[in-house]
Amino acid sequence: MPIDVFMTQLSPTMTDGKIARWIKKEGDELVSGEVLVEIETDKATMEVEVVEEGILHKIIAAEDGLIPVGAAIAVIAEDGEEIPDDYMPEGIAEPANSAPTLASTDVVESIVAASTSQATDDDEHELRLKPSGVFNADGEYDVVVIGAGPGGYVAAIRAAQLGLNVACIESTHLGGICLNWGCIPTKALLRTAEIINVIQHSGDELGLGITEAKPDLVKAVTRSRKISAKLNGGIGFLFKKNKITHIEGFATFEADNKLMVKDHDGNSKQVTAKHVIVATGARARAFPGMDVDNKVIITYKQALAPTSLPKTLLVIGSGAIGMEFAYFYNAMGSEVTIIEAASNVLPLEDAEISKVVDRSFKKNGIKIITGAMVSSAKNVDGTAQVTYTVKDKEQTIEGDVCLVAVGVIGNTDSIGAENTSMKVERNEIEVDDYYRTDHQGIYAIGDVVGAPALAHVASHEGIVCVEAIKGEAPHPVDYGNVPGCTYCQPQVGSCGKTEQQCKDEGIAIKVGRMAYGTNGKAMGLAETEGLVKTIFDAETGELLGAHIVGAEATELIVSLQLARTLETTEAELAHHMFPHPTLSEMIHESVLDSDGKAIHI
């Protein structure tokens, strides 16, 4: 019998996705454990391995097509089985937006060894829980957290607030990647880039008397490192304030429920705890053929602390990380080229929003190549050389440096997970709604439990996790209302469903829009590029999604995300009074526009 392959939900917020590329082609033999396909979803890219062996008979869904969860994407034939060429899985419609040549997006029930036990929209109040228990009944600590990133340190502090005896094991810096090599230092650099662009584009209009900036890379980087160092020390203060023991070293699980910590001198000791929370975060990933050497082919860490400015920079990937670095280096004076596999930049954002950013970047001189499948990125005699294919034509581009920004992969390799009962698939630990793993007394939060790999998600998960340990019965995280933010200019802030997702799900909607160009506050700021977009259920008035591109979008989106949390309707938002003059007035106008009542359009 043919084995029908369907797109599977790989994360709690996933409703559809994009396949970066099919590794296997029609006619290929499928061997268990080999990579079948690479998938983009929820700001992460995942490798999907073969589970059902056989021959890949037919690829139904095309690369770069938007495929909803549950849609058929491929058919597998058992060895020697004859299947008609026109065979299609019964009762499954051919996916929308699929091109006839290549192959599709998100994953496959038969082929994916991935599952999620976190709540969906349909049963958000029905908890899915694994058996509870303790790691060591006589543990010295009530809770030990492995990792001090935004998930780990927040979990440790909340646990201490609840009166628990807490320790946090961290091998490098308090604050993790976010504080030291991610969220915080990038925002410091982006502030420099923003001011440079204000001077160059609006300096004369604003009466500043200058239209050219003289960027100083060393000073900009030094400032960003100082900010990270200051906040790092702040977490140390919070640990002392809350009486949290900071244990420096590398934690691993060993047989017989042992948690061992090795310090930087190689000395090991056992740490005992009733509950252990894994919050080891993630690292930059690279696809096969991307030979990262941290000199010419680099990741975000080297991009944050350059010793010199590359004349030409190639950026592989146009998610938040890639776009933010492209914006910064362009402002500093580099010639930047973005290479993206999807058909548009910021592929997980609403398409209308992505187009605004695309236009803005191109206006600033950034070259963007979409629909480009990268096959290799190498250091060739000190030059970055990237080979990619667009419309079946292979091309090569060179630059001084190439930044690989194609997502992250969970740090689960060296924690001794094999010595526990935890289920780990593709560097993701399976958990329930309270972040319990299959090993009693061990929990996992943050990037190691899968997308969305965002600092604020990890922090929220940490709080829910420890409150559940304490018996507080917290409400599970609402993965359908996670705010997504990209901090280049124009900024992007979003929550909920995109317009395309609503259409794919057959939801009748009303859409409102308001451009920045006619807003008085935006004019005063000389920031007239952008758009506010609100999406409502046409029958109930429920706010299904909100998308903002433009100045302060990452701040403005919070009000609409809160509105969704409070289940605020279109009518309530329409009757709410917004202050004047503010950028927030555009939210009001967008809401009114969805019902044909906008005043200033």
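Residues numbered from 1 in each chain as written. Predicted model: local features only at pLDDT ≥ 70, side-chain atom pairs only at ≥ 80, totals over all residues. Heavy atoms only, no water.

Draft legend 1. Local environment of the pairing of strand β33 (residues 543–550). Burial of β33 is extensive: eight of the eight residues sit out of reach of the surface. Here strand β30 (residues 491–496) runs beside β33; their pairing, made up of six bridges, is antiparallel. By the bridge assignment for β33, glutamine 491 is matched with glycine 550. Linking strand β32 (residues 531–537) back to β33 in an antiparallel pair, the connection comprises five residues, with glycine 541 at a positive phi of about 80°. (Buried < 20%, exposed > 50% of the residue type's maximum accessible area, 1.4 Å probe, protein only. Helix = DSSP H or I, 4+ residues; strand = E, 2+ residues; numbered from the N terminus. Pairing = 2+ DSSP bridges.)

Draft legend 2. Up close: the pairing of strand β21 (residues 373–380). Sheet topology places β21 next to strand β22 (residues 383–390); seven bridges connect them, and they run antiparallel. By the bridge assignment for β22, asparagine 379 is matched with alanine 384. Following β21, the chain reverses through two residues before pairing antiparallel with β22; aspartate 381 in that reversal takes a positive phi of roughly 55°.

Draft legend 3. Spatial organisation of the sheet that holds strand β14 (residues 268–270). Strand order in this open sheet of three strands is β12-β13-β14, and the pairing throughout is antiparallel. Looking at the sheet topology across the chains shown, the edges are occupied by β12 (250–254) and β14. Geometrically, the sheet is characterised by an average inter-axis angle of 30° between neighbouring strands, direction not taken into account. Where β12 and strand β13 (residues 258–262) come together, five bridges link them in antiparallel fashion. (Axes fitted to C-alpha atoms, helices over the stretch in contact; angles between N-to-C directions.)

Draft legend 4. Main features of helix α13 (residues 585–593). With eight of its nine residues buried, α13 lies for the most part within the structure. Within α13, burial applies to Glu585, Met586, Ile587, His588, Glu589, Ser590, Val591 and Leu592. Against β31 (509–515), β32, α11 (553–565) and α12 (570–575) lie the buried residues of α13. (Contact = heavy atoms within 4.5 Å.)

Draft legend 5. Highlighting the confidence of the model for the protein. On average, residues of the protein carry a pLDDT of 89, and 92% of them reach 70 or more. Here residues 91–124 is modelled with pLDDT under 50, and outside its nearest four sequence neighbours on either side it reaches 124 contacts, counting other chains as well. (pLDDT = per-residue confidence, 0-100.)

Draft legend 6. Examining the packing of aromatic side chains more closely. Within this structure, the stated rule accounts for three aromatic pairs. When the ring of phenylalanine 135 is compared with that of phenylalanine 253, the centres are 5.8 Å apart and the planes differ by 75°; the resulting orientation is edge-to-face. Of this pair, phenylalanine 135 sits in the loop between β8 (72–77) and β9 (141–146) while phenylalanine 253 sits in strand β12, and the two are 118 residues apart along the sequence. Each of the two residues, phenylalanine 135 as well as phenylalanine 253, counts as buried. With a centroid separation of 5.3 Å and an interplanar angle of 80°, the aromatic rings of phenylalanine 328 and tyrosine 329 are classed as edge-to-face. Residue phenylalanine 328 shares its accessibility class with tyrosine 329, and that shared class is buried. (Phe/Tyr/Trp six-rings, centres within 6.5 Å; stacked < 30°, edge-to-face > 60°.)

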